[in-house]
Amino acid sequence: MSDRSKGLLLAGVGGQGVILASMIVADALVRAGNDVKQSEVHGMAQRGGSVVSHIRWGPRVSSPLAPKGSAEVLAAFEWAEGLRWIDYVRPGGAVVVDVRTIIPPGACVDRRGWATAYPRIDDGPIADRRLQPRLLNAAAIASGLGNVRAANSVILGSVAGFLDIDDQYWEAAISSLVPKGTAEINLAAFRAGKEAGTVVIPAQPAPEATGVAGPHVIEVKHDWCKACDICSRVCPEYCLALTLDGKLAVVDPDACTGCRLCEILCPDFAIRIHPPVVAGVAAGEGAS
Ligand code: SF4
Ligand code: SF4
């Protein structure tokens, strides 16, 4: 039996909210009157592992998985994850990708100089496949609205531009599924994502702090930290630890090399690494 369903993939890494974003898309599609099937694949979701969710919808859907070369849209919340799943998009389909980079620990080839093996940001792979590109700096847009955590709604707003779903269904899905008290900012981010139509090719990130060894300044935002213990487990220098009362503590600040693994892998933006304090320059100045 022929299946006239369409497909969409959402991809990112653990802690980015891919599953919630997928639930919002699926809910909007159901509200719009579609039969919807959704599937999730996630490995080390709590450790920055790859997470992907397939969604298929239409009058009647028989399988939740979108075959390679069939998806209408790939929504990627991280650059390398976008490249990982790009071959699932159909010819002429769209790739909405956040230019955010989350470099996995395994890609760090020199943690003191912070040299990494990671794909450069370049829309060539999208253009080569003749796909419609939408590169976004979603975090910057969300930050401009007042909350960087609404970045995923920026991506969803851009995705909405490629799907035939009335905004009322998107907005109802967002309002019903995002954490309590965040509907307003997420709706604003969604609308901003719809307007962010210009393709942005970002400048290549500088090889930050290359050649600068520690000690760096470790800033922990305790109000945001949920004590998940990711940062202390990935820190190669054992600078961080959870205390017996369940709070994150900086136990050896002098050993910090500034590799930023903790900052990159923290799902809650709760830890930042600033360059070493030098004479006449306050800690944190010049930090990205
Ligand atoms: S700083 Fe981030 S990664 Fe570390 S324990 Fe807190 S929430 Fe988890
Ligand atoms: S505290 Fe963070 S930046 Fe410093 S060495 Fe540990 S993981 Fe790297």
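Residues numbered from 1 in each chain as written. Chains lettered and ligands numbered in written order. Predicted model: local features only at pLDDT ≥ 70, side-chain atom pairs only at ≥ 80, totals over all residues. Heavy atoms only, no water.

With that settled, the discussion passes to the packing of helix α6 (residues 167-177) against helix α7 (residues 183-195). At a minimum axis distance of 9 Å, the contact between α6 and α7 shows a crossing angle of 145°. Viewed along their axes, α6 and α7 form a crossing whose handedness is right-handed. Contact residues: α6 offers D167, W170, E171, I174 and S175, while α7 offers A183, N186, L187, F190, R191 and K194. The class makeup of the residues in the contact of α6 with α7 is five nonpolar, two polar and four charged. (Axes fitted to C-alpha atoms, helices over the stretch in contact; angles between N-to-C directions. Helix = DSSP H or I, 4+ residues; strand = E, 2+ residues; numbered from the N terminus. Left-handed = near helix turned anticlockwise from the far one by under 90°. Contact = heavy atoms within 4.5 Å. Nonpolar A, V, L, I, M, F, W, Y, C, P; charged D, E, K, R; others polar.)

Lining the immediate surroundings of ligand 2 are I218, C235, P236, E237, C239, C256, T257, G258, C259, R260, C262 and I273. In terms of residue class, the shell around ligand 2 is built from eight nonpolar, two polar and two charged. (Near = heavy atom within 4 Å.)

This paragraph deals with the nonpolar core. Counting 39 residues, the largest nonpolar core has L8, L10, I55, V159 and W170 as its most contacted members. Setting aside chain neighbours within four positions, we find I55 in contact with K6, G7, L8, L10, S22, V25, A26, L29, V36, K37, Q38 and P64. Counting 21 residues, the second-largest nonpolar core is a separate cluster that includes A66, L74, V97 and V99. (Core = buried A, V, L, I, M, F, W, Y, C linked by side-chain atoms within 4.5 Å. Buried < 20%, exposed > 50% of the residue type's maximum accessible area, 1.4 Å probe, protein only.)

Quick look at the site of ligand 1 now. If you check the shell around ligand 1, you find C225, K226, A227, C228, D229, I230, C231, L248, C266, D268, A270 and I271 and nothing else. When the residues that make up the shell around ligand 1 are grouped by side-chain class, the tally is nine nonpolar, no polar and three charged.

Let's shift gears to α7. Taking 1.5 Å per residue as the helical rise, α7 with its 13 residues ought to reach 18 Å, and the 19 Å between its terminal C-alpha atoms agrees with that figure. Within the span of α7, buried status applies to I185, N186, L187, A189, F190 and G193. Residues of α7 that are buried in the fold lie against α4 (138-145), α5 (151-160) and α6. (Expected span 1.5 Å × (residues − 1).)

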